[in-house]
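Structural overview
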Amino acid sequence: MMKRILKSLLVLLAVAAGLSATACAADFSMPAVTLTTAEDGSQQYTLSMQILVFMTALTVLPSLIIMMTSFTRIIIVLSILRQAIGLQAAPSNQILIGLSLFMTFFIMNPVFNQIYDRAIEPYSNDQITAQQAFAAAQQPLKTFMLAQTRVKDLNNFLEYAGETADKPENAPMKVVIPAFIVSELKTAFQIGFMIYLPFLVIDLVVASILMAMGMMMLSPVMVALPFKLMLFVMVDGWTMIVGTLISSFGIGGG
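Residues numbered from 1 in each chain as written. Predicted model: local features only at pLDDT ≥ 70, side-chain atom pairs only at ≥ 80, totals over all residues. Heavy atoms only, no water.

**Some points on the nonpolar core**
Rule in force here: As used in this record, nonpolar core signifies buried Ala, Val, Leu, Ile, Met, Phe, Trp, Tyr and Cys residues forming a set joined through side-chain atoms within 4.5 Å. The rule is simple: take the accessible area with a 1.4 Å probe, protein chains only, and divide by the maximum for that residue type; under 20% is buried, over 50% is exposed, in between is partly exposed. For helices the rule is a DSSP run of H or I covering at least 4 residues; for strands it is a run of E covering at least 2, with both sets numbered from the N terminus onward. Any two residues whose heavy atoms approach within 4.5 Å are treated as being in contact.
Grouped together as the largest cluster of nonpolar side chains are 46 residues, with contacts concentrated most on Phe144, Met145, Leu154, Ile241 and Leu245. Elements supplying a minimum of two residues to this core: α5 (71-85), α6 (93-124), α7 (130-147), α8 (151-161), α9 (173-212) and α11 (237-248). Beyond its immediate chain neighbours, meaning those up to four positions away, Leu154 contacts Leu146, Thr149, Pro168, Ala171, Val175, Val176 and Ala179.

**A short note on the side chain of Arg82**
The line we're drawing: Counted charges follow a simple rule, with Lys and Arg positive, Asp and Glu negative, and His plus the chain ends left uncounted. Should a side-chain nitrogen of Lys or Arg be within 4 Å of a carboxyl oxygen of Asp or Glu, the pair is scored as a salt bridge.
By the secondary structure assignment, Arg82 is in helix α5. Buried and unpaired, Arg82 has Asp203 as its nearest opposite-charge partner, separated by 14 Å.

**So, the pattern of salt bridges**
When charged atoms on two side chains of opposite charge get close, those side chains can pair. Counting across every chain of the model gives two salt bridges. The salt bridge partner of Arg73 is Glu184, with a shortest N-O separation of 2.4 Å. Placement of Arg73 in helix α5 and of Glu184 in helix α9 is noted, with a sequence separation of 111 residues between them. One exposure class covers both Arg73 and Glu184, and it is buried. The salt bridge involving Asp203 is made with Lys228; its shortest N-O contact spans 3.2 Å.

**Here we look at the packing of aromatic side chains**
What counts is decided by this rule: When the centres of two rings from Phe, Tyr and Trp lie within 6.5 Å, Trp using its six-membered ring, the rings pair. Their planes under 30 degrees apart give stacked, over 60 give edge-to-face, and anything left gives tilted. We call a charge positioned over a ring when the NZ of a Lys or the CZ of an Arg lies within 6 Å of the ring centre and within 35 degrees of the ring normal.
This structure, assessed with the given rule, holds six aromatic pairs. Aromatic pair Phe105 and Phe112: ring centres 6.5 Å apart, planes at 55 degrees, arrangement tilted. The exposure class of Phe105 is partly exposed, given its relative accessible area of 29%. Taking relative accessible area as the criterion, Phe112 reaches 1% and is therefore assigned buried. Between the aromatic rings of Phe157 and Tyr160, the centroid separation amounts to 5.5 Å while the plane-to-plane angle is 75 degrees, which identifies the pairing as edge-to-face. Of this pair, Phe157 and Tyr160 both sit in helix α8, three residues apart, which is roughly one turn of the helix. By relative accessible area, which is 62% here, Tyr160 ends up exposed. Ring pairs connect the aromatic residues Phe144, Phe180 and Phe249, which therefore count as one cluster. Looking at Arg73, its charged tip hangs above the ring of Phe249, at a distance of 3.9 Å from the centre.

So this is what it looks like as structure tokens:
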């Protein structure tokens with residue numbers, strides 16, 4: 001299973017980088033160092049420009065990949081949850097990112113399996129070309145993003161790009177990806193708003209009580225924190241948040 005995920009992530013790297021069909025057909029073979037012989041017989045070693053571009057792209061491709069999955073929505077909602085409770089450093093960023101990554105692997109597992117079955121395995125068995133594998137790998141990811149993308153956002157980016165598409169499935173990836181990201185941001189803030197409301201009510205009630213008792217110098221945030229933690233634990237908050245996030249992608253019975 002982990003091998004499938006790793007191979008699927010490598011294909012996503014290629015999709016995120018927007019590799020051309022020609023580059024894919026070349027089986028990703030690029031000489032790192034080129035040996036040039038001058039007229040006087042001296043030799044000069046030159047670093048390939050392709051390898052420089054490739055190594056530079058590796059630094060930004062992981063960020064591009066997580067923007068094409070469920071990671072964006074999950075990490076934003078969890079960050080808003082931590083802020084709503086009033087905890088600044090617990091859970092830490094590492095814990096939130098780790099939880100978001102494992103939830104992303106869980107949610108994206110059907111997509112990764114489709115990429116492996118339709119693109120990676122046939123290409124490994126020499127049943128299809130690299131160009132065909134690249135095109136086949138895009139389809140499951142594109143289908144997932146379109147299912148989470150609002151039609152309004154997709155139409156806006158089609159207009160911005162000067163493109164036309166009779167069906168959302170025919171929209172190019174350069175339009176689908178930014179439309180998906182914008183839709184994910186909007187959805188994440190909507191979920192975050194609903195999460196924030198009950199904690200905001202507790203803050204208002206505590207602040208009103210402290211004002212009525214004349215304890216204006218006492219911080220309402222500090223007093224409300226244990227009540228918010230107690231509420232979150234009593235309603236099994238982590239299970240509810242994780243279940244809501246998973247069901248928001250159409251997984252499970254939610």
